[in-house]
Amino acid sequence: MKDKNIIFEKSNNCISSYSFNIEKNEKDILNNIPQSLLNDNLSFMPDVSEGDVARHFIRLSNRNYGVDTGFYPLGSCTMKYNPKINEKVAGNPDFANIHPYSSTERVQGVLEVLYKCREALVEITGMDEIDLSPCAGAHGELTGLYIIKAYFKNKKEERPIILVPDSAHGTNPASASVAGFKVVSVKSDADGFVDIDDLKQKVSKDVACFMLTNPNTLGLYEKNLDQIVKICHDLDIQLYYDGANLNAILGISKPGETGFDVVHLNLHKSFATPHGGGGPGAGPVGVKKHLIDFLPGENVVYKNNKYSLEKRGSLSIGKVRSFYANFSVVLKSYVYIVSLGKEGFSKLGLLALLNANYLGVLLKEYFDIATKPHIMHEFVISLQKECDETHLTVMDFAKRILDYGYHAPTVSFPLIVHSCLMVEPTETESKETLDKFAEILIKILEESKTNPDLLKNSPVNTPIKRVDDVMAARTPVLKYSKDE
Amino acid sequence: MTYFPHSETDIKEMLSVIGKKNLEELESPIPAKYIVKTLNLPSQKTELEVNQYFDKLANKNKNYSTILAGAGSYYHYIPSTVDELTGRQEFYTAYTPYQAEISQGTLQAIFEYQTYIANLTGMDVSNASMYDGGTALAEACVIAINSTRKNKILVDKYVNPEYLEVLKTYMGALKVEIVIFESNPFKLDVEAFKKIWNAEFCGFVVASPNFCGSVIDYTGIVDIVKKDKRLVIQSVSEAMSLSVLKTPGDMGADLACGEAQSFGMPLSFGGPYLGFLTCKKEHLRKMPGRIVGQTKDSDGNIVYTLTLTAREQHIRRELATSNICSNHGLCATRASVYLSTVGGKGLRTCGLANIEKSHYLYEEISKLAKFKVEKSQIFFNEFVVSTDIAYDKISKKLEENGILSFLPLAKFYSSLSNYYLICATEMTTKEEIDNLVAILGSL
Ligand SMILES: Cc1ncc(COP(=O)(O)O)c(C=O)c1O
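Residues numbered from 1 in each chain as written. Chains lettered and ligands numbered in written order. Predicted model: local features only at pLDDT ≥ 70, side-chain atom pairs only at ≥ 80, totals over all residues. Heavy atoms only, no water.

(A) Examining the overall build of chain A more closely. Counting secondary structure elements, chain A contains 15 helices and 13 strands. With respect to the three principal axes, the spread of C-alpha positions in chain A is 75 × 70 × 45 Å. Taking all 484 residues of chain A together, 66% fall into the buried category. Contacts in chain A between residues far apart in sequence, at least 24 positions, make up 70% of those at least 6 positions apart. Element-wise, carbon and sulfur atoms account for 48% of the exposed surface of chain A, whose accessible area totals about 16700 Å². Chain A carries 54 positive and 61 negative side-chain charges, and their two centres are separated by 3 Å. (Helix = DSSP H or I, 4+ residues; strand = E, 2+ residues; numbered from the N terminus. Buried < 20%, exposed > 50% of the residue type's maximum accessible area, 1.4 Å probe, protein only. Contact = heavy atoms within 4.5 Å. Areas by Shrake-Rupley, 256 points an atom, 1.4 Å probe, with all protein chains shown as cover. Lys, Arg positive; Asp, Glu negative; His and termini not counted. Charge placed at Lys NZ, Arg CZ, Asp CG, Glu CD.)

(B) Geometry of the packing of aromatic side chains. Counted under the stated rule, the structure contains 43 aromatic pairs over all chains. Aromatic pair A:Y241 and A:F260: ring centres 4.9 Å apart, planes at 75 degrees, arrangement edge-to-face. You can see A:Y241 sitting in strand β5 (residues 238–243) and its partner A:F260 sitting in the loop between β5 and β6 (262–265), a full 19 residues away along the chain. Relative accessible area serves as the criterion here: at 1%, A:Y241 is assigned to the buried category. Its relative accessible area of 0% is what places A:F260 among the buried residues. Relative to B:Y338, the ring of B:F263 has its centre 5.8 Å away and its plane inclined at 20 degrees; by these criteria the two rings are stacked. Of this pair, B:F263 sits in the loop between β7 (255–259) and β8 (275–279) while B:Y338 sits in helix α12 (residues 329–366), and the two are 75 residues apart along the sequence. Look at B:F263 and you get buried, because its relative accessible area is 0%. One aromatic cluster in this structure is built from A:Y101, A:F323, B:Y158, B:F211, B:Y273, B:F412 and B:Y413. Directly above the aromatic system of A:F181 lies the positively charged group of A:K149, at a separation of 4.8 Å from the ring centroid. In this arrangement the basic side chain of B:K411 is found over the ring face of A:Y101, its NZ or CZ atom lying 5.1 Å from the centre. (Phe/Tyr/Trp six-rings, centres within 6.5 Å; stacked < 30°, edge-to-face > 60°. Lys NZ or Arg CZ within 6 Å of the ring centre and 35° of its normal.)

(C) Spatial organisation of the domain arrangement of chain B. All names here are of chain B. Parsing chain B into structural domains produces domain 1 (66–75 + 344–441) and domain 2 (80–339). Put simply, the middle of domain 1 and the middle of domain 2, counted by C-alpha atoms, are 28 Å apart. Taken together, the contacts link 30 residues of domain 1 with 27 residues of domain 2. A buried area of about 2300 Å², summed over both sides, lies between domain 1 and domain 2, and 66% of it is on carbon and sulfur atoms. Taken as a group, Y74, L347 and Y413 account for 29% of the area that domain 1 buries against domain 2, more than any other trio of residues on that side. At the boundary of domain 1 and domain 2, one finds 0 salt bridges. Between the two partners, domain 1 and domain 2, sit 7 residue pairs in polar contact (both at pLDDT 80 or more). With 7 residues, the single largest contributor to the side of domain 1 that touches domain 2 is α12. (Domains from an automatic or database assignment. Buried area = accessible area lost by both parts, 1.4 Å probe. Salt bridge = Lys/Arg side-chain N within 4 Å of Asp/Glu carboxyl O. Polar contact = N/O pair within 3.5 Å; in protein donor to acceptor, adjacent residues only side chain to side chain.)

(D) A look at the sheet that holds strand β4 (residues 177–181) of chain B. Residue and element names in this part refer to chain B. Strand order across the open sheet formed by 7 strands is β2-β8-β7-β6-β5-β3-β4, with mixed pairing between neighbours. Each end of this open sheet is capped by a strand with a single partner; those strands are β2 (125–126) and β4. Strand direction decides the pairing type here: strand β5 (residues 203–207) and strand β6 (residues 231–236), joined by 5 bridges, are parallel. Looking at β6, one finds that G203 is bridged to L231. Along the sheet face, helix α9 (residues 219–227) touches β5 and β6 and points at about 140 degrees away from the line of β6. (Pairing = 2+ DSSP bridges. Axes fitted to C-alpha atoms, helices over the stretch in contact; angles between N-to-C directions.)

(E) Structural view of the interface of chain B and chain A. Every contact between the two is made by 178 residues of chain B and, on the other side, 202 residues of chain A. Between chain B and chain A the total buried area reaches about 16900 Å² when both faces are included, carbon and sulfur atoms providing 62% of it. On the surface where chain B and chain A come into contact, there are 9 salt bridges. The interface formed by chain B and chain A holds 98 residue pairs in polar contact (both at pLDDT 80 or more) in total. The element contributing the most residues to the side of chain B that touches chain A is α12(B), with 22 residues. In terms of residue class, the side of chain B that touches chain A is built from 89 nonpolar, 57 polar and 32 charged. (Nonpolar A, V, L, I, M, F, W, Y, C, P; charged D, E, K, R; others polar.)

(F) Structural context of the site of the ligand. Around the ligand, the structure places 15 residues, and the nearest of them are A:S76, A:D242, A:H268, A:K269 and B:S326. The ligand sits at the junction of chains A and B, each of which supplies nearby residues. One nitrogen or oxygen atom from the main chain of A:G137 is found 2.7 Å from an oxygen atom belonging to the ligand. Separating an oxygen atom of the ligand from a side-chain N or O atom of B:S326 is a distance of 2.6 Å. Protein coverage of the free-state accessible area of the ligand, which is 390 Å², stands at 99%. Of the residues forming the shell around the ligand, the biggest block, 3 residues, is contributed by helix α6 (residues 137–154) of chain A. Its residues assigned to classes, the shell around the ligand shows 5 nonpolar, 7 polar and 3 charged. (Near = heavy atom within 4 Å.)

(G) Layout of the pairing of strand β8 (residues 298–303) of chain A. Residue and element names in this part refer to chain A. In this structure, β8 lies alongside strand β9 (residues 306–311), joined through 6 bridges in antiparallel fashion. In the strand pairing of β9, Y302 is matched with Y307. In this antiparallel pair of consecutive strands, β8 and β9, the connection spans 2 residues, and N304 shows a positive phi of 45 degrees.

(H) The packing of α12(B) against helix α14 (residues 430–441) of chain B, seen in detail. Residue and element names in this part refer to chain B. Two elements in contact, α12 and α14, have axes whose closest approach is 10 Å; the angle formed by their N-to-C orientations is 25 degrees. Considering the angle they form, α12 stands roughly parallel to α14. Where α12 crosses over α14, the handedness of that crossing is right-handed. Mapping the contact onto sequence places K357, Y360, L361, E364 and I365 in α12 and K430, I433, D434, L436, V437 and L440 in α14. (Parallel < 35°, antiparallel > 145°, perpendicular 65-115°, else oblique. Left-handed = near helix turned anticlockwise from the far one by under 90°.)

(I) A look at the nonpolar core. Counting 129 residues, the largest nonpolar core has A:L114, A:F210, A:F271, A:F345 and A:I381 as its most contacted members. Examining the composition of this core, we find that 20 residues originate from one element, helix α10 (residues 327–364) of chain A, more than from any other. With sequence-adjacent residues up to four places away left out, A:F210 is seen in contact with A:L163, A:V164, A:P165, A:V186, A:V194, A:L199, A:I228, A:C232, A:I237, A:Q238, A:L239 and A:Y240. Judged by nonpolar contacts, the second largest core, of 84 residues, contains A:Y18, B:Y92, B:I221 and B:L306. (Core = buried A, V, L, I, M, F, W, Y, C linked by side-chain atoms within 4.5 Å.)

Right, here's the structure in full:
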C-alpha cells in the first residue's frame, strides 16, 4: 500500500539538488572518521527540486484546517485567534538567533522579556512566583507535582497519593503516575461538581495534592471551592490548578486568590500562541510562597540594572528540560499581553463567557446541555439520547460538522458525560459566526432524524472521507518503506 | 490591540438573548470577593507601538558575529522554505490532528517526519516528537525501566549534562537509581564497562556524539547488555551527525533519543527545540506520545491518522506510557520541510561541510603552541581544546571580538579544568576560523 503523494515517492534525482560547499571530496573528508562508524548512504532520502517541495507542502497545508480557516470550537483547547504580530516579533533574528550559552551581557533583551512576562503572569494569576520552563500543560503538571513532592519530602512527610476528579483530563492522572504518585479518583456529583462527601472520605495525611480544573472540564465553576480549599488545607493537602480553562476567568479572577497553591498555564491556549498542530506550547508553573524554593532550574533576576539567570537553591527539584524555556513561545505570549494591556484583559474573560453563554442559549432548546446551571467559557452537549434513538455515534455528529466547514468540538470528553461534544467558542469569535454555527448544529440534529445516513457517511465535503482508525491500529504502518 | 470582533450592539443583543443585563452578570458563579477590578498591567498598545517596543527590546540583545559553540544547541543554516512553508496558517494555527479528515496536512508531515527520523536512527518506529533532547532521554529510560522491571540505570558520564539533570529529576521521582559510568571523554573502555555492568541495570545510556563531541564506538558493549536482555539507549544531541554516522540501530542500540533542533529550528535561546525518540518494533507498545499511522478512508484512499492511542493518557490515564499530550509537532513539521528541502544529497554535503570545517579548525588550533587538541579524538563538528591560559583572559578577548566559543568544560566536569568545547558547522567561514586562530595565537 503505497502513497504516490508522499515525498519519498517524488524523488527523481533532479539535477538541481540542494547543496553546501565543500572543498575536498567526500572520501577525503570522511577519512577523519573510521569507516566502521559511518553510514553507507542516505539513499532512503528523497532528492526533490525546491519547487516540487514547495508544492508538496502547500498541497499538505491545503488538506489542513487552522484557526484562520474557520471556527474551531474545540473544547478545553481555547482555539482563539493567534495574532500575526506575535509571529513577526518572534521571527526577529535578534530574538531568534540567540545561543543559550551566550554571555549575559549579550542577551539582556531576552532576559528582560522572560522577566517581564513572568511578572505579568504573576499579576494575572495571583501567584507569588512563576517559572517558565515547562514545555506544555502536561509538562507543567509534572513540574508542579515534582514541586509538591519535594515540599513534603523537605517536611519529612510521606504522601503517596494524588486526588483527581473523575472529570479530569487524562494528563492529570498520567502526570501523577510519572511523578511517582498513586492516583485516587474523586467522584463528581449529579451536576458535575466535586462530590464533597466523596472528597471528605478520600482526604487524609497520605494525600499530597488535589488537582482541580476550574472551571472544570464541564465548564462549571466549582461552587464549593471555598469548602474544598478548607478541607484540603486543613490537612496541608496542596491544591493544584490545571490552567487549561484559565480563559474563563482571565482578567476576572485570580487562582492564587481563591486558594490554589500551584497552577500551570497553557500559553498555547489562554495566551494566544499557536498550537502548531501539536505544539510547541509552554506550560509555566506558578506557586505560592511556601513552594518557591522548590521551583526548577534557573531563575531570571534583575540586580544592579542587569538581568541574569541564577541557579536556584539546594531545595530546587532540578531541571525539567534542557536550557531555560520555550523562549519564542513565551515571547509570543508576552507580545499578546503587551498588546492587550489591562484594558484588553478586562474584557477578554467576559467576552469568552458571553460567547459561550450565548451559543449555549441558542442551542439549549434543541440539545441536552450537560453544563448546568451556569455555563462559563465552554459547555458540554450530551448526545446520548440522540445516539440511542438513531444508532448514530457522537463521532457521526462530529464528522457531519466538518462537512459544513467547521472544526468539530471536542468529542467524548469529559468521560463523565456519555456521547458528548464539548464546545468552546473563545472571545475572538463574532456573533455572526456563533449564529451560523448554532444554525448548522440544529440542522444536523434534524438530519440525524430525517436522514441519519447523511451523518453515518459523513464527511463528504472534506479532502478525504471517513478514516479507518481500526485498520490503522490493527496493522500499524508507521513509516514509509520503499519495498512495501 | 485587542482581537474582539463584537460591536456594542452585538454585546447588547447577545446579553438580551441570554437574559442578562450586563457582562458582569456572567461572572455570577464566581464569588464576588474573588472578582478583581483591574489587573495591574500597562495600558494596551497599538500594533505600531507594540512593534516599536519589541524592536527596542530586540536591540538590547547583542548577537555574536561568529558562533563557534554548540553544546546541544547548533547553529545551522535554515533553508528559506522552512519558515515559508511551515508559516502557512493551516499548519501553525491547527490543533493536534484529532479530526483526521481535515488534518491530513499535519498528519502526513508527521508521518514523513517519522520516516525520516526512524531511518536516520536505523529504527523501526518514531513517535511524533518529544519536547526536547532531555525529556526524550527521560522517556527512553522509562521504556527501559518498564520493559525490564529494573530500577537502576547505567548512564555514561559524557551524556549532555543538561539531559542528565533532566533525567535525574524524572528518575528521582520514580525512585530509579542512576549510576554514572565514569568513562573517558574520547572513547568507551569495554573492560571498565564489564566491571560495572550487571543485570540489575535496566539498560545503558551512551551518548554519541557525546558532550565532548566524540563519536563513540560502543559496539563492544552491545552483546554484554543484550545477553542480560537489557536495553542500549543512544542519546544524540546533534542530529546533524546522523547525516554521516552509522545509525544507532546499526550500532546495536534498542532505543535512540535526542535533539533534532539542527533540522530547521532556530537557536531561540534554547527552545522550542525538537526531541526525538525512536525504537525497535518490540518496544512499540511502550512508546510515549502521539504516533501517526497510515490507513485508508472509506473511498479506499491512503490516508493518515493518530494511532495506537491505547498507550496514551486520554485513554489509559494513570496507566499511560507517559503524560505527554501536546508535543513539539510544528518543530517536527519544520524538520520534515528541512529534510525534504535539502534531500539526501544536501543533508550529506551538509554533514561533510561540518566535518571539513571543524577539522580544519582543529588542525589550525593544533598548530598553536599554547593550545592542545586531543590527538585521538574522533568527532563530527565539535571537539575539545585544552590550554593553561586563564579562562577570563580567553573569554574577554573572544567577547571583544564578538565570538561565542570556548565553552569551559570545567563548568560540567571537575576533571576537565582547562578544557574547552569548540564547534564549527557549515555556517562557519574560513575567515572566521582564521580570525579565531589569530586571536588565540596572540594570547
Ligand atoms: C484540561 C486539560 N488539562 C491538561 C491538558 C494538557 O495540556 P498540553 O496538551 O499542553 O500538555 C489539556 C490539553 O488538552 C487539557 O484540556
